[in-house]
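Structural overview
These are the residues of each chain, in order.
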Amino acid sequence: MRNYKMKKIISAIILSVTFIGLVGCAKSTESSLQANKWNVVSSDGSSFTAEFGEDTVKFENVFRTRGLKYQVKDDKITMKDDRVEVSYTIKKNGNEYKFKSNDDTTKDEFGDLTLSKAK
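Predicted, not measured: the structure shown is a model, and the values here were computed from it. (Residues numbered from 1 in each chain as written. Predicted model: local features only at pLDDT ≥ 70, side-chain atom pairs only at ≥ 80, totals over all residues. Heavy atoms only, no water.)

Here Thr106 is to be found in helix α2 (residues 104-109). Residue class for Thr106 comes out buried when judged on its relative accessible area of 0%. Among the polar contacts made by the side chain of Thr106, one reaches the main-chain amide nitrogen of Ser87 at a distance of 2.8 Å. If near-sequence neighbours (up to four positions away) are discounted, Thr106 is found in contact with Val86, Ser87, Tyr88, Ser101 and Gly111. (Helix = DSSP H or I, 4+ residues; strand = E, 2+ residues; numbered from the N terminus. Buried < 20%, exposed > 50% of the residue type's maximum accessible area, 1.4 Å probe, protein only. Polar contact = N/O pair within 3.5 Å; in protein donor to acceptor, adjacent residues only side chain to side chain. Contact = heavy atoms within 4.5 Å.)

Bringing the pattern of salt bridges into the picture now. Taken as a whole and judged by the stated rule, the model has eight salt bridges. Between Arg66 and Asp81 there is a salt bridge whose closest N-O contact spans 3.0 Å. One end of the pair, Arg66, is in strand β4 (residues 65-73); the other, Asp81, is in the loop between β5 (76-80) and β6 (85-93), with 15 residues separating them in the sequence. Residue class for Arg66 comes out buried when judged on its relative accessible area of 8%. With relative accessibility at 26%, the residue Asp81 sits in the partly exposed group. Between Lys107 and Asp112 there is a salt bridge, and its shortest N-O distance comes to 2.9 Å. A relative accessible area of 38% means that Lys107 is categorised as partly exposed. Overlapping salt bridges, with partners in common, bring together Glu51, Lys58 and Glu60 in one network. (Salt bridge = Lys/Arg side-chain N within 4 Å of Asp/Glu carboxyl O.)

On to the sheet that holds β6. Read around the closed barrel, the eight strands follow the order β1-β2-β3-β4-β5-β6-β7-β8; overall the barrel is antiparallel. Across the sheet, the axes of successive neighbouring strands diverge by a mean angle of 30°, strand direction being ignored. Both strand β7 (residues 96-101) and strand β8 (residues 113-117) contribute to a ladder of four bridges, which runs antiparallel. Counted as the bridge partner of Phe99 is Leu113 from β8. (Pairing = 2+ DSSP bridges. Axes fitted to C-alpha atoms, helices over the stretch in contact; angles between N-to-C directions.)

All right, on to the nonpolar core then. The biggest cluster of nonpolar side chains holds 22 residues, and the ones touching the most others in it are Leu33, Phe52, Ile77, Met79, Phe99 and Leu115. Mapped by element, the contributors of at least two residues to this core are β1 (37-42), β2 (47-52), β3 (56-60), β4, β5, β6, β7 and β8. With near-sequence residues (within four places) excluded, Met79 lies in contact with Val57, Phe59, Leu68, Lys69, Tyr70, Val84, Glu85, Val86 and Tyr88. (Core = buried A, V, L, I, M, F, W, Y, C linked by side-chain atoms within 4.5 Å.)

To continue, consider the environment of Thr105. For Thr105, the location among the structural elements is in helix α2. Under the relative-accessibility criterion, Thr105 is labelled partly exposed at 44%. Residues Thr105 and Val84 lie 21 residues apart in sequence; the distance between their C-alpha atoms is 8.3 Å. In this view, Thr105 contacts Val84 and Glu85; residues no more than four positions away in its chain are not counted.

Okay, here's the thing in structure tokens:
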């Protein structure tokens, strides 16, 4: 019985640490995105800049500016406006972020994205 209780306690501690780590990673990614202006290159060939605020992101190039609300949760970012909602899986690759489309709507609307810090 004592051994069973010890296993439950250890399991609870491991789960707590894992959860805190995942929340910390999402906040770290979100903080990094907010702290920089980004050059963005899409797999469809377009390029633009991005600036992340507390809950909005602004994409801008010479021809167009577009604002979206966004949310980072675990390793995923969801962005939406009145007409579309897109979702990506985020991977950090050195000083860059890779946003991999999670569905066809996202792929069609924006393509896969590579973000690098603007100079």
